[in-house]
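Secondary and tertiary structure notes
The chain contents come next:
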Amino acid sequence: MVAGVMGWPIGHSLSPRLHGYWLKHHGIDGAYVPLSVHPDHFREALKALPKLGFRGANVTVPHKEQALAYVDRVSDEARRMGAVNTVVVEPDGRLSGSNTDAFGFIANLGAGCPQWTASAGPAVVLGAGGAARAVCTALLDAGAPEIQLSNRTEARARSMAADIGGPISVVPWDQRHDALADAATLVNTTTLGMVGNPPLTLDLSSLPRMALVTDIVYRPLMTPLLQGAKAHGHPIVDGLGMLLHQARPGFAAWFGVMPDVTEALRDFVLGAGSD
Ligand code: ATR
């Protein structure tokens, strides 16, 4: 049983280490390999998966949007997100594409803060890249009554809101602080706060104390946003879990076992992160 991850570049992907851990943990005689695929060859490489005997593959940057066009079947969720991150080779050799990022986001919050519910109140989402699409889709599907979306490039937020549909209102970037007043959930999906990038500047003083704060940045695990939120008494959930949880449905489809996210797994993956 073989699966892998296609990306360009692929050297920094944590997925081979993550799936390798689960294969060993479950005693499965299988392999999960990094596949360095140039964008010009992506279609060919994807279509070759059944011929090579692969059970399927993850698809990562920059191929997620292309994958949507090339698979034979697309899940509703992946279509709404405009991106495929998990491909399964069906018994008849056809390719099914899905997107597990929304699942990963919600599963991570459920594990990190069991009392949290999306329906508790409006959410504020910062950023309008690929990750923001997954987060907004996930929050709306999980019952968030409203999303206030703010991005430095406002036009990008507007087009994302139009694509996803539903109760998403766009807030100018310089007014993001004011959007926090009645929020139950705050999510940073920008790259601000990541190693090598400036921190996110955000005045948390109007955010209700019970509001959950989460960051999809996981290098460092405790971003300046999460540090500030913790100091203000908010429940916080770091971003590593989203990466780990989004991998579970693919592993289950390819190798037949739904794996768990444990502390030991987090430690193992983090060990790789500091290489
Ligand atoms: P991904 O698809 O992985 O989410 P991305 O498309 O590069 O990544 O998106 C990065 C996000 O971080 C965007 O929302 C980006 O804002 P723009 O759409 O205005 O580019 C945001 N971002 C990156 N650097 C930023 C900065 N210095 N200030 C504010 N937002 C920033």
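Residues numbered from 1 in each chain as written. Predicted model: local features only at pLDDT ≥ 70, side-chain atom pairs only at ≥ 80, totals over all residues. Heavy atoms only, no water.

A word on helix α6 (residues 130–141)
Between its first and last C-alpha, α6 extends 17 Å over 12 residues, near the 16 Å set by a 1.5 Å rise per residue. Within α6, 9 of the 12 residues are buried, which leaves the element mostly enclosed by the surrounding structure. Along α6, the positions that sit buried rather than exposed are Ala132, Arg133, Ala134, Val135, Cys136, Thr137, Ala138, Leu139 and Leu140. (Helix = DSSP H or I, 4+ residues; strand = E, 2+ residues; numbered from the N terminus. Expected span 1.5 Å × (residues − 1). Buried < 20%, exposed > 50% of the residue type's maximum accessible area, 1.4 Å probe, protein only.)

Regarding the packing of aromatic side chains
Inspection of every chain in the model, using the stated rule, returns 6 aromatic pairs. On the basis of an interplanar angle of 65 degrees and a centroid distance of 5.5 Å, the ring pair of tryptophan 22 and phenylalanine 251 is categorised as edge-to-face. Of this pair, tryptophan 22 sits in helix α1 (residues 15–25) while phenylalanine 251 is found in helix α10 (residues 248–255), placing the two residues 229 residues apart along the sequence. Relative to phenylalanine 255, the ring of tryptophan 254 lies with its centre 6.3 Å away and its plane at 80 degrees, an arrangement referred to as edge-to-face. Of the residues examined, tryptophan 254 reaches a relative accessible area of 0% and is grouped as buried. Phenylalanine 255 sits in the buried class, given a relative accessible area of 6%. (Phe/Tyr/Trp six-rings, centres within 6.5 Å; stacked < 30°, edge-to-face > 60°.)

Some words on the sheet that holds strand β11 (residues 212–215)
With respect to topology, 6 strands assemble into an open sheet ordered β9-β8-β7-β10-β11-β12, the strand pairing being parallel. One side of each edge strand has no neighbouring strand; the edge strands of this open sheet are β9 (168–171) and β12 (236–237). Of the pairings in the sheet, the one linking strand β7 (residues 123–126) to strand β10 (residues 185–188) comprises 4 bridges and is parallel in character. Looking at β10, one finds that valine 125 is bridged to valine 187. The sheet strands contacting α6 are β7, β8 (147–150), β9 and β10, and the helix crosses β7 at an angle near 170 degrees. (Pairing = 2+ DSSP bridges. Contact = heavy atoms within 4.5 Å. Axes fitted to C-alpha atoms, helices over the stretch in contact; angles between N-to-C directions.)

Examining the site of the ligand
As a matter of local geometry, the ligand sits amid 13 residues, with Gly130, Asn151, Arg152, Thr153 and Arg156 nearest to it. The contact in question runs from an oxygen atom of the ligand to an N or O atom on the backbone of alanine 128, over 3.0 Å. Measuring from an oxygen atom of the ligand, one finds a side-chain N or O atom of arginine 152 at 2.9 Å. Relative to its unbound accessible surface of 640 Å², the ligand loses 68% to contact with the protein. Broken down by class, the residue content of the shell around the ligand amounts to 4 nonpolar, 7 polar and 2 charged. (Near = heavy atom within 4 Å. Polar contact = N/O pair within 3.5 Å; in protein donor to acceptor, adjacent residues only side chain to side chain. Areas by Shrake-Rupley, 256 points an atom, 1.4 Å probe, with all protein chains shown as cover. Nonpolar A, V, L, I, M, F, W, Y, C, P; charged D, E, K, R; others polar.)

Description of the side chain of threonine 185
Structurally, threonine 185 can be placed in strand β10. With a relative accessible area of 0%, threonine 185 lands in the buried category. Reaching out from threonine 185, the side chain makes a polar contact with the side chain of tryptophan 116 at a distance of 3.0 Å. The residues touching threonine 185, leaving out its near neighbours within four places in the chain, are Trp116, Pro122, Ala123, Val124, Leu139, Ala211 and Leu212.

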